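Take a look at the letters that make up each chain.
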Amino acid sequence: MSEKDIWGYHEDAGHQSGIDLVGYKVEATDGHIGKVDKHSADFQASHIVVDTGVWIFGKHVLLPAGVVERIDTAEEKVYLNLTKEQIKNAPDYDEAKYAGEPNFMDRFGHYYGQSHM
């Protein structure tokens, strides 16, 4: 997977410009894990932030758009190519902690095997 792939939606994922994914349910390969809390479609930095709710005690995780397998706008669901365990082990996303940190996206990219830029 290239860096473009990890920080951008795959062509066949069904991402449509202008569609707000906030509130969509999120499904791992092995079941439901939460809902989209934030969404960014920025060039070379597309990602979603998932609120895992009670599943792992309210953890928020930042997931690069490249892990999105498909988006179902009719069902308002985002399907990932990750397991629950992979998401559980992902670095916590704390916007207040990382605000203003110039390379914070790299922290998440390294978990998925690629840097941000």
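- Going by the annotation in an unreviewed UniProt entry, the name recorded for the protein chain is PRC-barrel domain-containing protein, with Streptomyces erythrochromogenes given as the source organism.

1. Thoughts on helix H4 (residues 104–111)
Structural remark: α-helix, 3.6 residues per turn; residues separated by three or four positions point the same way.
Stage number 1. If you check which residues of H4 are buried, you get Phe104, Met105, Phe108 and Gly109. Looking down the long axis of H4, one finds its buried residues gathered within 140° of arc, a one-sided arrangement.
Stage number 2. Backbone geometry just after H4 places glycine 113 at a positive phi near 90°.

2. A few points about the pairing of strand S3 (residues 47–51)
Stage number 1. Within S3, five of the five residues are buried, leaving the element largely enclosed by the surrounding structure.
Stage number 2. Burial along S3 is two-sided: the residues His47, Val49 and Asp51 and Ile48 and Val50 are all buried.
Stage number 3. When strand S2 (residues 31–40) meets S3, the two strands line up antiparallel, connected through five bridges. By the bridge assignment, histidine 39 is partnered in S3 with isoleucine 48.
Stage number 4. In this antiparallel pair of consecutive strands, S2 and S3, the connection spans six residues, and glutamine 44 shows a positive phi of 60°.

3. Some details on the pattern of salt bridges
Stage number 1. The final tally for this structure, using the stated rule, is three salt bridges.
Stage number 2. As a salt-bridge pair, lysine 59 and aspartate 92 come within 3.3 Å of each other at their nearest N and O atoms. Within this pair, whereas lysine 59 is found in the loop between S3 and strand S4 (60–64), its partner aspartate 92 is found in the loop between helix H2 (84–88) and helix H3 (95–98), the two being separated by 33 residues in sequence.
Stage number 3. Residue lysine 59 is classed as buried on the basis of its relative accessible area of 13%.
Stage number 4. Aspartate 72 is paired through a salt bridge with arginine 70; the nearest N and O atoms lie 3.9 Å apart.
Stage number 5. Taking the relative accessible area as the measure of exposure, aspartate 72 reaches 17% and is therefore buried.

4. As for the nonpolar core
Stage number 1. Counting residues in each nonpolar core, the largest one holds 31 residues, and the members touching the most others are Ile48, Leu62, Leu63, Val68, Val78 and Leu80.
Stage number 2. Residues within four places of leucine 80 in sequence aside, it is in contact with Val26, Glu27, Ala28, Thr29, Ile33, Ile48, Leu63, Val67, Val68, Glu69 and Ile87.

5. Some words on the sheet that holds S3
Stage number 1. As summarised here, the arrangement of the six strands in space is S4-S3-S2-S1-S6-S5, forming an open sheet in which the pairing is mixed. On the outer flanks of this sheet lie S4 and strand S5 (68–72), each paired with one strand and no other. Looking at each pair of strands side by side, their axes are set apart by 35° on average, direction ignored.
Stage number 2. Here four bridges tie strand S1 (residues 25–28) to S2, and the two strands are oriented antiparallel to one another.

What counts, and at which threshold
- Residues numbered from 1 in each chain as written.
- Predicted model: local features only at pLDDT ≥ 70, side-chain atom pairs only at ≥ 80, totals over all residues.
- Heavy atoms only, no water.
- Buried < 20%, exposed > 50% of the residue type's maximum accessible area, 1.4 Å probe, protein only.
- Helix = DSSP H or I, 4+ residues; strand = E, 2+ residues; numbered from the N terminus.
- Arc of directions from axis to C-beta.
- Pairing = 2+ DSSP bridges.
- Salt bridge = Lys/Arg side-chain N within 4 Å of Asp/Glu carboxyl O.
- Core = buried A, V, L, I, M, F, W, Y, C linked by side-chain atoms within 4.5 Å.
- Contact = heavy atoms within 4.5 Å.
- Axes fitted to C-alpha atoms, helices over the stretch in contact; angles between N-to-C directions.

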